Amino acid sequence: MGTIKLKKSASSFFFTTVNRVPQLRHCYSSFFFSNKNMTSTTNFVIPKREILTKEDLERFQESQSYSDFFSFIERLNESVKGQKLSTECVLSLILVKILEILDTVNKYRIKLPPVNNEKSRFGNPAFRDFYDQVTSTAEELHKNLEIPEESIPEISRYFVESWGNRTRIDYGTGHEANFIAWLLCLEKLGIIGPNDYSSLVLRIFKSYLEVMRNLQLNYWLEPAGSHGVWGLDDYHFLPFLFGSAQLIGHKYIRPKSIHDKDVIEEYSKEYLYLACIQFINSIKTATLSWNSPMLNDISGVKEWKKVNEGMLKMYKAEVLAKLPIMQHFMFGSLISFKGSSNMETDNYVNENGSCQGEEKNGDHVHIHAFGQEFPDCCGIKIPSAIGANQMGIREGTVRRLPFD
């Protein structure tokens, strides 16, 4: 990427890149947005959970907030079709500040190394210190984003929840969705807009993913409600969606190319999809056909366009339509929805990471997520494949556990 210069205009500051290339028309950021869509009468509220029943989820899927959230993902997806990660971007000052926030979070990880937990494949307790550090500084980190001060407690809640669960020391697609919700809130506040979309994926989301990979490796985060080998990834979904969009129309790389080690090695730095494949290969044993059969099946599709269309449908079905995931999603004034229950939902996890509930006739009755399969958050803790891999290296023998 070329040299970045800071320029000043009568209305705002903005960053521009020297030696622009034609691709810039696909990846640029406008330098000024007003908060005209947010009035002084807006009543900001700290987000809380509202989806407690199957009926709540069905109502949410018909709501304006559902439409706003999914259409935002669709717009991000559309903006990076055919674009490499190295595509040069013009970044507004706001986007640069967001990158600085992500860099600060990554520095917290360096400052708070994992504690000695060598006999366990489960999450490292030091993650809780990291989480507490993010929580205690989140509102301060938002003060440079040129947003109404009264909005900070609301949007910072999504930001904090983007990094995983403090009690269970895990991470999954629900936490990833909180990061997208955070970006959506910033758009609703008027500081980012359509011209930023490709930069949000190629720079902001990419940086977020890199920080998350560091956290997963550093603290051995457990998969939250993992489908194991039958899921795309133990942790993420959106890199596969955005990554398949990037590869649409590529002259040489086909979906089946994920089995070619040379292709993965050469192009993983340019495409999120291939970067995910490289990550999976680095921590799991055996071949993709054995440890990631869903990705293996998808590789049989002929065109990336079809893969991308399928990913959008799959995100709706496997993330936004799953009560064990969406029961943890939060709603405030910017992303609003009112569920049918008045039950308190904020403090439902005890110190051992298990869900609190009532005992009725000997059965565990949950105060959330009635009406669907047994919530993943209350199931058996799932050890980290990263932890198993690192323990094998430490012991001098990587155990061949294809289902890690």
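Residues numbered from 1 in each chain as written. Predicted model: local features only at pLDDT ≥ 70, side-chain atom pairs only at ≥ 80, totals over all residues. Heavy atoms only, no water.

Student: Before we go on, may I ask you to explain the overall build of the chain in this structure?
Tutor: A count of helices and strands for the chain gives 15 helices and eight strands. Looking at the 404 residues of the chain, the share that counts as buried comes to 54%. (Helix = DSSP H or I, 4+ residues; strand = E, 2+ residues; numbered from the N terminus. Buried < 20%, exposed > 50% of the residue type's maximum accessible area, 1.4 Å probe, protein only.)

Student: Could you clarify how one ought to interpret the packing of aromatic side chains in this entry?
Tutor: Both the distance between ring centres and the angle between the ring planes are used here to describe each pair of aromatic rings. Under the criterion given, the structure shown has 24 aromatic pairs. Ring geometry for Phe130 versus Tyr219: centroids 6.0 Å apart, planes at 40 degrees, classification tilted. With Phe130 in helix 4 (residues 126-141) and Tyr219 in helix 7 (residues 197-219), the pair connects residues that are 89 residues apart, well separated along the chain. A relative accessible area of 0% places Phe130 in the buried class. Given the relative accessible area of 0%, Tyr219 is considered buried. Seen in terms of ring centroids, Phe179 and Trp182 are 5.5 Å apart; in terms of plane orientation they differ by 40 degrees. Their pairing is tilted. (Phe/Tyr/Trp six-rings, centres within 6.5 Å; stacked < 30°, edge-to-face > 60°.)

Student: Help me understand the pattern of salt bridges in this model?
Tutor: Close approach of charged atoms allows side chains of opposite charge to pair. Scanning the entire structure with this criterion turns up 15 salt bridges. Measuring nitrogen to oxygen at the nearest pair gives 4.0 Å for the salt bridge that ties Glu50 to Lys48. (Salt bridge = Lys/Arg side-chain N within 4 Å of Asp/Glu carboxyl O.)

Student: It is not clear to me how the side chain of Glu270 should be interpreted in this structure. Could you clarify?
Tutor: In this fold, Glu270 is placed in the loop between helix 9 (261-267) and helix 10 (272-283). Buried and unpaired, Glu270 has no salt bridge, with Lys84 as the nearest side chain of opposite charge at 4.4 Å. Aside from chain neighbours lying at most four places away, what touches Glu270 is Lys84, Leu85, Ser86 and Gln246. (Lys, Arg positive; Asp, Glu negative; His and termini not counted. Contact = heavy atoms within 4.5 Å.)

Student: When you look at unusual backbone geometry in this model, what are you seeing that I'm missing?
Tutor: A negative phi angle is the norm for most residues apart from glycine, just as the trans form is the norm for most peptide bonds. At Ile169, a position not held by glycine, the phi torsion is positive, near 50 degrees. With respect to the secondary-structure elements, Ile169 resides in the loop between helix 5 (152-161) and strand 4 (170-171). On the basis of relative accessible area, Ile169 is assigned to the buried category, the value being 4%. One non-glycine residue, Trp220, adopts positive backbone phi at about 55 degrees. Note on Trp220: relative accessible area 9%, which makes it buried.

Student: Just checking my understanding: could you explain a negative patch on the surface for this structure?
Tutor: Together, Asp260, Asp262, Glu265 and Glu266 line one region of the surface with negative charge. With respect to the helices and strands, Asp262 occurs in helix 9. Judged by its relative accessible area of 62%, Asp262 is exposed. (Patch = residues over 30% accessible without salt bridge, like charges linked within 9 Å, V, L, I, M, F, W, Y side chains within 5 Å. Areas by Shrake-Rupley, 256 points an atom, 1.4 Å probe, with all protein chains shown as cover. Charge placed at Lys NZ, Arg CZ, Asp CG, Glu CD.)

Student: Can you walk me through the packing of helix 7 against helix 10 in this structure?
Tutor: Two numbers describe a pair of packed helices, the interaxial angle and the distance between the axes. Taken N-terminus to C-terminus, the directions of helix 7 and helix 10 make an angle of 10 degrees; their axes are 12 Å apart at the nearest point. In terms of their interaxial angle, helix 7 and helix 10 are classed as roughly parallel. Listed contacts from helix 10 to Val201, Phe205, Leu209, Arg213, Gln216 and Leu217 of helix 7 are Leu272, Cys276 and Phe279. (Axes fitted to C-alpha atoms, helices over the stretch in contact; angles between N-to-C directions. Parallel < 35°, antiparallel > 145°, perpendicular 65-115°, else oblique.)

Student: For this particular structure, what's the right way to read empty space enclosed by the protein?
Tutor: Applying the stated criterion across every chain, the model contains two cavities of 30 Å³ or more. Here the second largest cavity is characterised by a volume of approximately 40 Å³. If you go around the second largest cavity, the residues you meet are Asp233, Asp234, Tyr235, Phe279, Ile280, Ile283 and Lys284. Of the residues that constitute the lining of the second largest cavity, the class distribution is four nonpolar, no polar and three charged. (1 Å grid on protein atoms, 1.4 Å probe; cavity = no way out; pocket = protein on both sides within 12 Å on 5 of 7 lines; lining within 4 Å. Points joined across faces, edges and corners; volume = space filled by probe spheres on them. Nonpolar A, V, L, I, M, F, W, Y, C, P; charged D, E, K, R; others polar.)

Student: Just checking my understanding: could you explain the environment of Leu200 for this structure?
Tutor: With respect to the helices, strands and loops of the structure, Leu200 is situated in helix 7. As for Leu200 and Leu183, which are separated by 17 residues in sequence, their C-alpha atoms are 8.5 Å apart. Discounting chain neighbours no more than four positions away, the residues touching Leu200 are Phe72, Leu76, Leu95, Leu183, Ile192 and Phe205.

Student: Mind showing me how you'd approach the packing of helix 2 (residues 64-79) against helix 13 (residues 304-320) here?
Tutor: Across the interface, helix 2 lies against helix 13 with an axial gap of 12 Å and an inter-helix angle of 150 degrees. Considering the angle they form, helix 2 stands roughly antiparallel to helix 13. Where helix 2 crosses over helix 13, the two elements pack in a sense that is right-handed. The segment helix 2 lies against helix 13, with Tyr66, Phe69, Phe70, Ile73, Glu74 and Asn77 engaging Asn308, Leu312, Tyr315, Lys316 and Leu320. Grouping the amino acids of the contact of helix 2 with helix 13 by side-chain chemistry returns seven nonpolar, two polar and two charged. (Left-handed = near helix turned anticlockwise from the far one by under 90°.)

Student: Honestly, helix 7 in this entry has me stumped. Any pointers?
Tutor: What sets the pattern is the α-helix's 3.6 residues per turn: residues three or four places apart point alike. For helix 7, which comprises 23 residues, the first-to-last C-alpha distance of 31 Å matches the rise-based estimate of 33 Å (1.5 Å per residue) to within 8%. When the local axis directions of helix 7 are compared, the greatest deviation, roughly 30 degrees, occurs at Phe205. The buried fraction of helix 7 is high, at 19 of 23 residues. (Expected span 1.5 Å × (residues − 1). Bend = angle between axes of the 7 residues up to and from the residue.)

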